[in-house]
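Descriptive analysis of the structure
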Amino acid sequence: MYYPVYRPRRLRKSAALRALVRETEVSVNDLIYPLFIIHGQKIRNEIPSMPGQFQISIDQLDKEIEEITKLGIPGVILFGLPETKDPAATGAYDEDGIVQEAIKKIKQINIDLLVITDVCLCEYMDHGHCGITKNGEVQNDLTLELLAKTALSHATAGADMVAPSDMMDGRVAAIRSQLDEGGFEDLPIMSYAAKYASAFYGPFREAADSSPTFGDRRSYQMDPPNALEALREVAMDIEEGADIVMVKPALSYLDVIAGIRSEFDYPLAAYNVSGEYSIIKAAAEKGWIDERKVVLEVLTSIKRAGADIVLTYHAKDAAKWLNDKATD
Ligand code: PBG
């Protein structure tokens, strides 16, 4: 059916018609907001490469959580900056660690806000890698125990969901069995299943102080050219007990999101990462793009590719814009 019988423009004529046939809609319900928690008092350090994002101390959480709650954002994902780092990532599973304390505080402020924790060791290791190292190499099986311990400590502190981002093989199974043993068989796991060794994490490493002091993460994070391998990673994580699977980053990997969507019927998340955020903020600051329109277009594209959930630093702005739109 072609022109002149079919004229696609007929359904683009008015806002009401466009809304009627719209295939994808971003909702505030889909968004998760990342938070960086740091030791100290009255700290709200703006992250230079991520304008509008802050490292915040626990005493600042009241205001922050109140704002997030008011905007209707359903959940946060926590990253911690510990006071000290060591070769066993002790701070990651310390029951009074930075993330554990933040969880307890957030739960006091709003028990209904979903508190998700990033389970990784890089912020807590003195060498900045995501696992135990020996002779300069990250040791997979030795690391699993620490990851499981970390996840259990988050659960014990009151987290609603844990999100392993380390990319060790077998970590979902290790975490699942540790959680089950600890009585947390109902606590879901959102695995960073297809996490690529991406240059788009640059600003995050400044925010979370988690750059490796030697080498890089290419021996554990995925090689960017690979998409079929992402299907195997997802299959493996689901088999091991992941409840939600994630692709990260989002924008350069929309094909990976779409591929996973068509192969698996599990909830799918995408992480719109720090570098993706910084690029937009920088261009918007220069007046080169319309930030609101670009952000909403980006979030829509991630959902259109097939993601159900988007982790994004734009969450607060997007929530405001989406709420405005609803009353426009
Ligand atoms: C921890 C972790 C990273 C991100 C999330 N969890 C950094 C990394 O793998 O180096 C990146 C998030 C972002 O860039 O926004 N491993």
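Summary of the structure given here. What you are looking at is a predicted structure, and each value in this text was computed from that prediction instead of being measured. (Residues numbered from 1 in each chain as written. Predicted model: local features only at pLDDT ≥ 70, side-chain atom pairs only at ≥ 80, totals over all residues. Heavy atoms only, no water.)

1. Looking at a nonpolar patch on the surface
- Side chains of Met1, Val5 and Tyr6 sit close together on the surface and give an oily, nonpolar patch of about 360 Å² of accessible area.
- Mapped onto the elements, Met1 comes out in the segment before α1 (15–20). (Patch = residues over 30% accessible without salt bridge, like charges linked within 9 Å, V, L, I, M, F, W, Y side chains within 5 Å. Areas by Shrake-Rupley, 256 points an atom, 1.4 Å probe, with all protein chains shown as cover. Salt bridge = Lys/Arg side-chain N within 4 Å of Asp/Glu carboxyl O. Helix = DSSP H or I, 4+ residues; strand = E, 2+ residues; numbered from the N terminus.)

2. Comments concerning the pairing of strand β8 (residues 161–164)
- Burial along β8 is two-sided: the face carrying Met161 and Ala163 and the face carrying Val162 and Pro164 are both buried.
- Two elements, strand β5 (residues 114–119) and β8, share four bridges in a ladder whose sense is parallel. Within the sheet, the bridge partner assigned to Val119 lies in β8 and is Pro164. (Buried < 20%, exposed > 50% of the residue type's maximum accessible area, 1.4 Å probe, protein only. Pairing = 2+ DSSP bridges.)

3. Concerning the packing of helix α7 (residues 228–240) against helix α8 (residues 254–263)
- The geometry of α7 relative to α8 is characterised by a closest axis approach of 10 Å and an angle of 50° between their N-to-C directions. Judged by the angle between their axes, α7 and α8 are oblique. Considering only the axes of α7 and α8, their crossing is right-handed. Along the contact surface, α7 presents Ala230, Leu231 and Val234, while α8 presents Val256, Gly259, Ile260 and Glu263. (Axes fitted to C-alpha atoms, helices over the stretch in contact; angles between N-to-C directions. Parallel < 35°, antiparallel > 145°, perpendicular 65-115°, else oblique. Left-handed = near helix turned anticlockwise from the far one by under 90°. Contact = heavy atoms within 4.5 Å.)

4. Description of the environment of Ile309
- Of note, Ile309 is situated in strand β12 (residues 309–312).
- The exposure class of Ile309 is buried, given its relative accessible area of 19%.
- Separated by 19 residues in sequence, Ile309 and Asp290 place their C-alpha atoms 24 Å apart.
- In contact with Ile309, other than residues within four places in its own chain, are Asp30, Ile32, Ile244, Leu268, Ala269 and Ala270.

5. Points about helix α4 (residues 140–157)
- For α4, with 18 residues, the first-to-last C-alpha span of 26 Å sits near the 26 Å given by 1.5 Å per residue.
- Within α4 the residues assigned to the buried category are Thr143, Leu144, Leu146, Leu147, Ala148, Thr150, Ala151, Ser153, His154, Ala155 and Ala157.
- Buried-residue contacts for α4 involve α3 (98–109), β5, β8 and α5 (171–181).
- Two residues or fewer past α4, Gly158 is found with a positive phi of approximately 120°. (Expected span 1.5 Å × (residues − 1).)

6. Some words on the packing of aromatic side chains
- One pass over the structure, following the stated rule, counts eight aromatic pairs.
- Taken together, a centroid distance of 6.2 Å and an interplanar angle of 5° make the contact between Phe36 and Tyr313 stacked. With Phe36 in strand β1 (residues 31–38) and Tyr313 in the loop between β12 and α11 (315–327), the pair connects residues that are 277 residues apart, well separated along the chain.
- Ring centres of Tyr271 and Tyr313 lie 6.0 Å apart, and the angle between their planes is 45°; this geometry places the pair in the tilted category. Of the two residues, Tyr271 is situated in strand β11 (residues 268–272) and Tyr313 in the loop between β12 and α11; the sequence distance between them amounts to 42 residues. As far as the burial class goes, Tyr271 and Tyr313 line up, both buried. (Phe/Tyr/Trp six-rings, centres within 6.5 Å; stacked < 30°, edge-to-face > 60°.)

7. With respect to the nonpolar core
- In terms of nonpolar packing, the biggest core is built from 81 residues, with Leu35, Val76, Leu78 and Ile257 touching the most fellow members.
- Excluding residues that lie within four positions of it along the chain, Leu78 makes contacts with Leu35, Ile37, Val99, Ala102, Ile103, Ile106, Val115, Ile116, Thr117 and Asp118.
- Core analysis: the second largest hydrophobic core is formed by 27 residues, Tyr192, Met246, Ala269 and Val273 among them. (Core = buried A, V, L, I, M, F, W, Y, C linked by side-chain atoms within 4.5 Å.)

8. Comments concerning the pairing of β12
- With burial as the criterion, each face of β12 is covered, one bearing Ile309 and Leu311 and the other bearing Val310 and Thr312.
- With two bridges connecting them, β1 and β12 associate as parallel partners. Paired with Leu31 across the two strands is Val310, which belongs to β12.
- Pairing analysis gives four bridges linking β11 to β12, with the strands arranged parallel. Within the sheet, the bridge partner assigned to Tyr271 lies in β12 and is Leu311.

9. Focus: the pattern of salt bridges
- A complete count under the given rule lists 18 salt bridges for this structure.
- Residue Asp317 pairs with Lys320 through a salt bridge whose shortest N-O separation is 4.0 Å. Of this pair, Asp317 and Lys320 both sit in helix α11, three residues apart, roughly one helical turn.
- With a relative accessible area of 37%, Lys320 lands in the partly exposed category.
- Through salt bridges that share partners, Arg44, Glu64, Glu67 and Lys316 make up one connected network.

10. What to know about the site of the ligand
- As a structural note, the neighbourhood of the ligand is formed by 17 residues, with Lys195, Arg205, Lys248, Ser274 and Tyr313 the closest of them.
- At a separation of 3.3 Å, a nitrogen atom of the ligand approaches a polar side-chain atom of Lys248.
- Side-chain polar atom of Ser274 to an oxygen atom of the ligand: 2.7 Å apart, as the coordinates give it.
- In the complex, the protein chains occlude 100% of the 400 Å² of accessible area that the ligand would expose alone.
- Partitioning the shell around the ligand into residue classes produces nine nonpolar, three polar and five charged. (Near = heavy atom within 4 Å. Polar contact = N/O pair within 3.5 Å; in protein donor to acceptor, adjacent residues only side chain to side chain. Nonpolar A, V, L, I, M, F, W, Y, C, P; charged D, E, K, R; others polar.)

11. Details of unusual backbone geometry
- In the segment running from Tyr3 into Pro4, the intervening peptide bond is cis, with an omega of 5°.
- Note on placement: Pro4 falls in the segment before α1.
- Residue Pro249 follows Lys248 across a cis peptide bond; omega there is -10°.
- A positive phi angle is found at Met167, which is not glycine, with a value near 70°.
- Structurally, Met167 can be placed in the loop between β8 and α5.

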